[in-house]
Amino acid sequence: MYRWKSWCDSRQRLALYAATCLALGLLTGMQHWAYYFRALAWQSVSTNRFFEAWDISFWSGYGAVASLATFMLPAMIWSSLAFGATSVGREYGAGAMPFVLTRPQPRWRIVWDDWALGAAEICIILSMFSIGLAPFVAQISRIWLGFSGVMLPGVVAVGICLYGLTQFLTLLTGSGAKGVSFAVAVVLFYNFFPAALEQWWHVHWPSKILDLSLSMFSMFDSWWIPDLAQQWKIAALWSVVALIFPFLSQWLIERREI
Amino acid sequence: MILHVNTSSGVPVYLQIESQVKHVVAAAALKEGDALPSVRKLATELRVNPNTVARAYQNLEREGVIRTVPGGGTYVANGLPGLLKSEKLRRLRPLARQLAVESTQLRVNPDETLKLVEDEFSQLGGRK
Amino acid sequence: MTETVISTQGLTKVYPDVRAVDGLDLNVPRGAVYGFLGRNGAGKTTTIRTLLGLARPTAGSAQVLGLDIRKDTVAILQRTGFVPETKQLFDSLTTDQLIRFNRGYFPKWSDALAERYISLFEIPRKRPFGKLSLGNRTKVCHLLALCQGADLLIMDEPTSGLDPVMVDLLMRVLIEDHVSEGRTVFVSSHHLSEVERIADWIGIIEGGKLLLEARLEDIRQNFRLVTASGDSASEVAAPNLISKRRAEKFHRYLVSREADDFVTRLRAQGMTVLEVSPVNLGEVFLGLAGKELPCIAGNPGVTRASA
């Protein structure tokens, strides 16, 4: 039943975010489609031999999918923090926790229901980009159509991880605002501290740990074609990490006293 | 039947209910065979615990003031017909003694005290 | 022996700065209306929280509806209706939505009762909880607990925020729909006059300890306040002595039964018995938990001796 309450609270936000992402996906797709046609037009009147041989379809497709990265990262961070801030922990600050905890259900159900719903909503929101983009990429390049969802598993896994972290911190502090602040602090620390260690204290990290870095979005640095296997591996690793947080939240709520 | 109980006085509520019911019956406001409200209804009206009303009704039934019908329903009875007059007088004696003692203490004339009692009877409308 | 619905054995809850509940031995019989009385901070709310699994007891044990409070919390909550001290539910949900939320947990939920109470208590249906006045919020909290089909109702300060008309309606509803059905009601309050009407059992808690547990009718019928004067230096002890106070030469004793025997004993010790009077609940409460201020007229004041 707490799932229903979480749904009541979050459905408007879900609709808004999903619509925004869909719209951005469509707009990006349209934009790159326009670029594609313009490039084709140029090619047809060009007298440059190199340009004539240029695979416009491939590179326009690449541009479209790469642009996903621009949107998906902030969208993921925003959604994860927003849903984490409005998770069950804030009932402490609002004073409604005695009511919640005196409903006849095991406490772990509350945390997991809340988490599962939030995770599903994040999946939906983040998928909306690719869904908006896909019809246009289909027109541009068959090859890249297959990859238009390529970033999804990784981004969603990291997003759910961040959401779980924020949910845990909101539960710990009893306030959505504090939960978000601490989550951001954790993310910044996580992002910069290993690099700092490497830079100033010359500590080298094994590659397995590097896989968990947030630089997975730089998949386009070394290869023109995304390595799908690598993507799934990263997604799997992050998913395992993501699951740690609801367990932590469960442990916390079962210990908590009012 | 309008009853009123004061829960903040030291007097047990069931005793208050009993004495008020007896008063109402004695004043012939309720006659033999008239129905009394059920325990639940009276408890709700008075906003008191049903056990209290139940106890009062039990005591009243034992004294023959009311009787309960097996199918439900409580009615005014006409006293305990089996009681001998001597027994009834025996029950009244302590009250009479108390009245006599008080009026002696207050130095009120016995005639005036008797007149008081007669006044009370006439206010009740005579014998039931 | 009637079955007890709530039963505690040496229940203790210690916080870092205070012993909130200290060796409590409570017994609530089935079908009773139990008034759990105490001052602010006496330990009433902590006791309730422990019974409902919101806090873990430091020591001792307790059973609610025959179930262990440490192990069977969910089963207890399934059959218990609870009105919390802070009348706070979800700010974003309306009354209708809160009903829908709560209904899902309780198969015995009664929609008919809910409809009746909504119109009886004049509860707004479509406004979010966060926008309701304190009185309306309290009413919604009651609504959710009363329609649940619970075997036991635990109400913590149920009348706070309610106007006298609503308090009256609430009592009416409690008696008609719950007490008359044989359900048990556990009311924690410091509003004595309201509790006095409908309670049949009383438990007085102070400083985390249960000072008195008795039938209310017993208190009215058998408890007596004995006022005596004398210079007797010897301590008067008796199993039926609940509390005693002293102001110079005057002594006040609260006895739970057999006041006449007690009076005889006092006289045997050379004291003059001035008055033997019945007590109401307020006097018992103040006698046990009250603080007396020094008299103004030059009297050095009273020192309270514990029983």
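All residue numbers refer to position in the chain's written sequence, counted from 1. Ligands are numbered from 1 and chains lettered from A, in the order in which they are written. Thresholds applied to this predicted model are a pLDDT of at least 70 for local features of residues and 80 or more for the giving and counting of side-chain atom pairs; totals over whole chains, interfaces and linings are not thresholded and use all residues.

(A) A look at the overall build of chain B. Each helix is a run of DSSP H or I of at least 4 residues and each strand a run of E of at least 2, with the numbering of both proceeding from the N terminus. From N to C terminus, chain B includes 5 helices and 3 strands. The dimensions of chain B, computed from C-alpha atoms along their principal axes, are 50 × 35 × 25 Å. A burial count over chain B gives 23% of its 128 residues as buried. Within chain B, contacts between residues separated by at least 24 positions form 53% of all contacts whose residues are at least 6 apart in sequence. To sort residues by exposure, count the other C-beta atoms lying within 10 Å of each residue's C-beta; 20 or more gives buried, 12 or fewer gives exposed, and values between give partly exposed, all with C-beta atoms placed from the backbone. Two residues form a contact once the distance between their C-beta atoms, set from the backbone, is within 7 Å.

(B) Highlighting the overall build of chain C. The helix and strand inventory of chain C stands at 10 helices and 16 strands. Across its three principal directions, the C-alpha atoms of chain C cover 70 × 40 × 40 Å. Every one of the 307 residues in chain C was classed for burial, and the buried ones make up 44%. For chain C, the share of sequence-separated contacts (at least 6 apart) that also reach a separation of at least 24 residues comes to 73%.

(C) Spotlight on helix H9 (residues 176-201) of chain A. Residue and element names in this part refer to chain A. The span expected for a helix works out to 1.5 Å for each residue beyond the first. Relative to the 38 Å expected for 26 residues at 1.5 Å per residue, H9 spans 36 Å between its end C-alpha atoms, a close match to the ideal helical length. When we look at burial in H9, the residues that qualify are Gly176, Gly179 and Ala183. Where H9 is buried, its residues meet helix H3 (56-85), helix H4 (90-94) and helix H8 (152-173).

(D) Expanded view of the sheet that holds strand S2 (residues 66-68) of chain B. Residue and element names in this part refer to chain B. For two strands to be treated as a pair, DSSP must find at least two bridges joining them. Judged by pairing direction, the sheet is antiparallel, and its 3 strands sit side by side in the order S1-S3-S2 without closing on themselves. Two strands bound the open sheet, and with one partner strand each, they are strand S1 (35-36) and S2. The pairing of S2 with strand S3 (residues 74-76) spans 3 bridges and is antiparallel. Opposite Thr68, over in S3, you have Thr74 as the bridge partner.

(E) Seen up close, helix H2 (residues 39-46) of chain B. Within the sequence span of H2 of chain B, burial applies to Val39, Leu42, Ala43, Thr44 and Leu46 of chain B. Residues of H2 of chain B that are buried in the fold lie against helix H3 (50-62) of chain B together with helix H6 (164-179) of chain C.

(F) Spotlight on the confidence of the model for chain C. All names here are of chain C. Per residue, pLDDT captures the predictor's confidence, and it can take any value from 0 to 100. Scored by pLDDT, chain C has a mean of 88; 93% of the residues are at 70 or more. The low-confidence segment residues 294-307, where pLDDT is below 50, has 17 contacts with residues more than four positions distant or belonging to other chains. With a pTM of 0.85, the predicted complex shows an ipTM of 0.87.

(G) Quick peek at the pairing of strand S4 (residues 33-38) of chain C. The buried fraction of S4 of chain C amounts to 6 of the 6 residues, a majority that puts the element mostly inside the structure. Because side chains alternate across S4 of chain C, one face comprises the buried residues Val33, Gly35 and Leu37 of chain C, and the other comprises Tyr34, Phe36 and Gly38 of chain C, equally buried.

(H) Examining the domain arrangement of chain C more closely. All names here are of chain C. Marked domain ranges trace back to an automatic or database domain assignment. Looking at chain C, the domain boundaries give domain 1 (4-215) and domain 2 (223-305). Computed from C-alpha atoms alone, the centre-to-centre distance between domain 1 and domain 2 is 35 Å. At the interface, 11 residues of domain 1 touch 7 residues of domain 2. Of all the elements in the fold, those that place two or more residues in the side of domain 1 that touches domain 2 are S4, helix H7 (192-198), strand S10 (201-206) and strand S11 (209-215). Here the term charged refers only to Asp, Glu, Lys and Arg, the term nonpolar to Ala, Val, Leu, Ile, Met, Phe, Trp, Tyr, Cys and Pro, and the term polar to all other amino acids, Gly among them. Among the residues making up the side of domain 1 that touches domain 2, the classes are represented as 7 nonpolar, 1 polar and 3 charged.

(I) Fine view of the pairing of strand S13 (residues 241-247) of chain C. Residues and elements named next belong to chain C. Sheet analysis places S13 next to strand S14 (residues 250-255), joined by 6 bridges and oriented antiparallel. Bridging across to S14, Leu241 finds its partner in Val255. Linking two consecutive strands that pair antiparallel, namely S13 and S14, is a turn of 2 residues; a positive phi of about 55° is found at Glu248 within it.

(J) Local environment of the packing of H3 of chain A against helix H6 (residues 107-140) of chain A. All names here are of chain A. As a rule, the C-alpha atoms of each element are fitted with a line to give its axis, helices using only the stretch in contact, and angles between N-to-C directions run from 0 to 180 degrees. Their axes nearest at 10 Å, the elements H3 and H6 cross at an angle of 165°. One element, H3, and the other, H6, form an angle in the roughly antiparallel class. Considering only the axes of H3 and H6, their crossing is right-handed. Partitioning the contact of H3 with H6 into residue classes produces 16 nonpolar, 6 polar and 1 charged. Oblique is the label for any angle not under 35 degrees, not over 145, and not in the 65 to 115 range, which are roughly parallel, roughly antiparallel and roughly perpendicular in turn. The handedness criterion is simple: a crossing whose near helix is rotated anticlockwise from the far helix by less than a right angle is left-handed, and one whose near helix is rotated clockwise is right-handed.

(K) Examining the sheet that holds strand S9 (residues 184-189) of chain C more closely. All names here are of chain C. Strand order in the open sheet formed by 6 strands is S7-S8-S9-S4-S10-S11, with mixed pairing between adjacent strands. One side of each edge strand has no neighbouring strand; the edge strands of this open sheet are strand S7 (80-83) and S11. For this sheet the average axis-to-axis angle between neighbouring strands, irrespective of direction, equals 15°. With 5 bridges connecting them, S4 and S10 associate as parallel partners. Residue pairing across strands places Leu37 opposite Ile204, the latter belonging to S10.

(L) Fine view of the interface of chain A and chain C. Contact residues are listed per partner, giving 18 residues for chain A and 21 residues for chain C. Listed by contribution, the elements that provide at least two residues to the side of chain A that touches chain C are helix H1 (2-45) and helix H5 (97-101) of chain A. Among the residues making up the side of chain A that touches chain C, the classes are represented as 11 nonpolar, 3 polar and 4 charged.

(M) Layout of the arrangement of the chains. No other pair among the 2 pairs of chains in contact exceeds the contact count of chains A and C. Left apart from each other, chain A and chain B have a closest C-alpha approach of 28 Å.

(N) Structural view of the environment of Gln231 of chain A. Along the chain, Gln231 of chain A falls in helix H11 (residues 228-255). Gln231 of chain A sits 78 residues away from Pro153 of chain A along the chain, and the two C-alpha atoms are 7.4 Å apart.

(O) Structural view of unusual backbone geometry. All names here are of chain C. Although it is not a glycine, Glu122 sits at a positive phi angle of roughly 55°. Topologically, Glu122 is positioned in the loop between helix H4 (111-121) and helix H5 (134-146). A residue is classified by how many C-beta atoms lie within 10 Å of it, and Glu122, with 13 of them, is partly exposed. In this structure, Glu258 takes a positive phi of about 50° despite not being glycine. By the C-beta count within 10 Å, which is 14 here, Glu258 ends up partly exposed.

(P) The arrangement of the interface of chain C and chain B in detail. Chain C puts 21 residues into the contact, and the matching count from chain B is 15 residues. Counting residues per element, the ones that place at least two in the side of chain C that touches chain B are H6, H7 and helix H8 (216-222) of chain C. Looking at the side of chain C that touches chain B, the element that brings in the most residues is H6 of chain C, giving 6 residues.

(Q) Representation of the nonpolar core. Nonpolar cores are identified as sets of buried Ala, Val, Leu, Ile, Met, Phe, Trp, Tyr and Cys residues joined via C-beta atoms within 7 Å. Leu126 of chain A together with Tyr34, Leu98, Phe186, Val187 and Ala199 of chain C are the most contacted members of the largest nonpolar core, which totals 163 residues. In terms of residue count, H6 of chain A provides more of this core than any other element does, 13 residues in total. The residues touching Ala199 of chain C, leaving out its near neighbours within four places in the chain, are Asn49 of chain B together with Val33, Tyr34, Gly35, Val187 and Leu216 of chain C.

(R) Main features of the environment of Thr227 of chain C. Residues and elements named next belong to chain C. You can see Thr227 is positioned in strand S12 (residues 224-229). The partly exposed category is assigned to Thr227, around which 15 C-beta atoms lie within 10 Å. Along the sequence, Thr227 and Asp68 sit 159 residues apart, while their C-alpha atoms lie 45 Å from each other. Contacts of Thr227, omitting those with residues within four sequence positions, involve Phe250, Arg252, Leu274 and Glu275.

(S) Region of the structure containing the environment of Val140 of chain C. All names here are of chain C. Considering the arrangement of structural elements, one finds Val140 in helix H5. The buried category is assigned to Val140, around which 24 C-beta atoms lie within 10 Å. Sequence-distant contacts of Val140, defined by excluding residues within four places in its chain, comprise Leu89, Thr95, Leu98, Ile123, Phe129 and Leu132.

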